[in-house]
Amino acid sequence: MDIGTYAAASLGIVQLRKLEIQNNNLANVNTVGFKRQVLVTSPENFDDTFAKQLQGKDPYAPGDQDRVSTVNEVSTHTDFSMGAIKSTGNPLDVALRNPNDFFVVNTPQGRTYTRAGNFSLDGTGTIVTQDGMQVMGDGGPIVAQGAGVNITSDGTVRAGGFVVGRLQVVRFPETKGLQPTEGARFKIVSGPQPAPVDGYMEPRALEMSNVSAVTGMIDLITTNRAFDAYTKAAQTIDSLNQAAITQVGRRQ
Amino acid sequence: MIRALYSAATGMQAQETNLDVISNNLANVNTTGFKKGRADFQDLMYQAVMEPGAPTSQMTINPTGIQIGLGVKTASVQKLFTQGDLSSTNNQLDVAIEGDGFFQITRPDGTLAYTRTGSFRLDQNGQMTTADGFMLAPGITVPPDALGITIGQDGTVSVKQPNNAVPQQLGQLLAVRFPNNGGLRATGQGLYEETQASGAPVTGIFSQQGFGRLNQGFLESSNVSVVEQVVNMITAQRAYEASSKGITTADEMLTSAINLKR
């Protein structure tokens, strides 16, 4: 088969994957602390390889090793830009001010990190996430028993007028090693452990999703039209092949 | 591809729940003691199409892998127990709690419930009840010849009786609070039930040890802000539309793919 058919098909498949990711983003446009996912493709290398093949050169020739290795390579990447800060007036809501800071949450799968500050209390007064995972303080989980739980801008938790703990905040100098898990939480897959820092947060406010409906729509249109273009390319190649099969060599 | 359809559909479902909660809040904008609800969303699990660190050649690995999220779910719908505005009614049986705490009520089946709606009435026996006729626990009975009822900041109920210069103390409104107010189960009629998530009730006296202060002649308004809810309604609607466009796009792309074969 013509190499162009495969090129068009693989580019089309990338667009389908893009759509999956964009729809997940759109579904989470109202999820507190959600971070947008983007599909990273490497089109230059892709084109280079095919260009070489078309020119009759060996794309796998020594010296081009790392370039060839990235052909077709796509990966998801998390956009850690800040979402809008929304004031809620709820004393258990906090929004982190520094984009590299995270709260620490204990889950059955281990330690995770989140920027979703929509906390709650469980039946014992322990500060937990909305799905009941314990939020870590400087000295372990924080038990806030007593009337009038309040969190100040440095993360100090007061209950009944007494200081009962302080929310642990860690800073990642580099967020590349973080992978998304459910609940707007992230786990470390590579890179150094984060350093504890003095938290600086906005009390009674939440950091909303950093997905924008406008860019989400534009992404959808781009993906849709790109897919159309690749299917059109595949159809064009197909009709060329058809012409070749039916017309070339026909007796006049 | 079907993943794209499903994750967009979860987005639409989540926004439907969001609108349910917002509509209930708006419907109760004038309900005494009503506490607004809030739907909290979480992203669902991620499916690893390519694990992070998968080798891309002998020399190189994929730094982040490919992780595809599967949409969104409603993590919780919680009641936010922020203070509502106090409005003056000049009714001697209206009591508003300023701060933390609940009144304890006995329901007709004998179980206890808790409320912040302090618009009390007297029944035919002089018992203080809620608007639905549920009695306070412990009950307070007002004698028929009472001239005026006084409810103090600490919940002490006393009456003035004819031929007696000294006010007669009838009892005290019990103050109750929970480790986690948000975990209470709302049962309607302004009542809440204890759950495992709310923790066991802690009783005390109003105006003491962190309990709120009582204000006679006032009612606590709903803590729903119309502006806030309408803004939330707009974002919910737009989010719903955005997810529906995601479904349309997935459908169009599937159609294009199918039309490849002529």
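Keep in mind the model is a prediction, meaning the values are calculated, not measured.

(A) Representation of the overall build of chain B in the model. Within chain B one finds 2 helices and 20 strands. Computed over C-alpha atoms, the radius of gyration of chain B comes to 27 Å, more than 25% over the 18 Å expected from 2.2 N^0.38 for 262 residues, which places it beyond the range of a compact globule. Along the first, second and third principal axes, the C-alpha set of chain B runs to 100 × 40 × 35 Å. Here chain B, with 262 residues, has 36% of them falling under the buried criterion. Here the contacts in chain B between residues at least 6 apart in sequence split such that 62% fall between residues at least 24 apart.

(B) Broad picture of the interface of chain A and chain B. With 60 residues of chain A at the contact, the number on the chain B side is 65 residues. Elements supplying a minimum of two residues to the side of chain A that touches chain B: helix H1 (3-27), helix H3 (65-69), strand S2 (75-78), strand S7 (120-121), strand S15 (178-181) and helix H4 (213-247) of chain A. The leading source of residues in the side of chain A that touches chain B is H4(A), at 11 residues. Here the residues of the side of chain A that touches chain B sort into 19 nonpolar, 34 polar and 7 charged.

(C) Structural context of the nonpolar core. Ranked by internal contacts, the top residues of the largest apolar core, which has 60 residues, are A:Phe103, A:Ile127, A:Val135, A:Ala144 and A:Val157. Discounting residues that sit within four places of it in the chain, A:Ala144 has contacts with A:Leu121, A:Gly125, A:Ile127, A:Val149, A:Val157, A:Ala159 and A:Val164. Formed by 28 residues, the second largest nonpolar core is a distinct cluster that contains A:Ala147, B:Val95, B:Phe102 and B:Ala113.

(D) Inspection of the packing of H4(A) against helix H2 (residues 226-258) of chain B at higher detail. Taken N-terminus to C-terminus, the directions of H4(A) and H2(B) make an angle of 5 degrees; their axes are 10 Å apart at the nearest point. Taken together, the axis directions place H4(A) and H2(B) in an arrangement best described as roughly parallel. In this structure, H4(A) uses A:Ala213, A:Gly216, A:Met217, A:Leu220, A:Thr223, A:Asn224, A:Phe227, A:Asp228 and A:Thr231 to contact H2(B), whose residues at the interface are B:Arg238, B:Ala239, B:Ala242, B:Lys245, B:Gly246, B:Thr249, B:Glu252, B:Met253, B:Ser256 and B:Ala257. Each residue belonging to the contact of H4(A) with H2(B) can be placed in one class, and the counts come to 8 nonpolar, 7 polar and 4 charged.

(E) View of the pairing of strand S8 (residues 112-115) of chain B. All names here are of chain B. Across 4 bridges, strand S7 (residues 103-106) lies against S8 in antiparallel orientation. Pairing of Ile105 across the sheet is with Ala113, part of S8. Between S7 and S8, which follow one another and run antiparallel, lie 5 residues, and Gly110 among them has a positive phi close to 90 degrees. With 2 bridges joining them, S8 and strand S17 (residues 191-193) adopt antiparallel strand pairing. Across the sheet, residue Tyr114 finds its bridge partner in S17, namely Tyr192.

(F) Inspection of H4(A) at higher detail. All names here are of chain A. Between its first and last C-alpha, H4 extends 50 Å over 35 residues, near the 51 Å set by a 1.5 Å rise per residue. Those residues of H4 that sit buried are Gly216, Asp219, Leu220, Thr223, Phe227, Tyr230, Thr231 and Ala234. Once H4 finishes, Gly249 follows within two positions and takes phi at roughly 85 degrees, a positive value.

(G) Region of the structure containing the sheet that holds strand S13 (residues 162-166) of chain A. Residues and elements named next belong to chain A. In space, the 3 strands of this open sheet follow the order S11-S12-S13, with antiparallel pairing throughout. The open sheet is flanked by strand S11 (150-151) and S13, the only strands paired with a single partner. Of the pairings in the sheet, the one linking S11 to strand S12 (residues 156-159) comprises 2 bridges and is antiparallel in character. Its bridge partner lying in S12, Asn150 is registered against Arg158.

(H) Here's a closer look at the sheet that holds strand S14 (residues 168-172) of chain B. Residues and elements named next belong to chain B. Read from one edge of the open sheet, 3 strands run S12-S13-S14, paired in antiparallel fashion. One side of each edge strand has no neighbouring strand; the edge strands of this open sheet are strand S12 (148-151) and S14. Sheet twist, expressed as the average angle between the axes of neighbouring strands with direction ignored, equals 25 degrees. As judged from the 4 bridges shared by strand S13 (residues 156-160) and S14, these two strands associate in the antiparallel manner. Looking at the pairing, Val159 lines up with Gln168 of S14.

(I) Representation of unusual backbone geometry in the model. For the bond running from B:Ala137 to B:Pro138, omega is -5 degrees, close enough to zero to count as cis. Checked against the element boundaries, B:Pro138 lands in the loop between strand S11 (135-136) and S12. One non-glycine residue with positive phi stands out, namely A:Ala184, at about 55 degrees. Following the sequence through the fold, A:Ala184 ends up in the loop between S15 and strand S16 (185-188). What makes A:Ala184 buried here is the crowd of 27 C-beta atoms within 10 Å. Phi is positive for B:Ser207, which is not a glycine, with a value near 75 degrees. Residue placement: B:Ser207 occurs in the loop between strand S18 (202-204) and strand S19 (213-216).

Procedures and definitions
Residues numbered from 1 in each chain as written. Chains lettered and ligands numbered in written order. Predicted model: local features only at pLDDT ≥ 70, side-chain atom pairs only at ≥ 80, totals over all residues. Helix = DSSP H or I, 4+ residues; strand = E, 2+ residues; numbered from the N terminus. Rg over C-alpha atoms; globule rule 2.2 N^0.38 Å. Buried ≥ 20, exposed ≤ 12 C-beta atoms within 10 Å, placed from the backbone. Contact = placed C-beta atoms within 7 Å. Nonpolar A, V, L, I, M, F, W, Y, C, P; charged D, E, K, R; others polar. Core = buried A, V, L, I, M, F, W, Y, C linked by C-beta atoms within 7 Å. Axes fitted to C-alpha atoms, helices over the stretch in contact; angles between N-to-C directions. Parallel < 35°, antiparallel > 145°, perpendicular 65-115°, else oblique. Pairing = 2+ DSSP bridges. Expected span 1.5 Å × (residues − 1).

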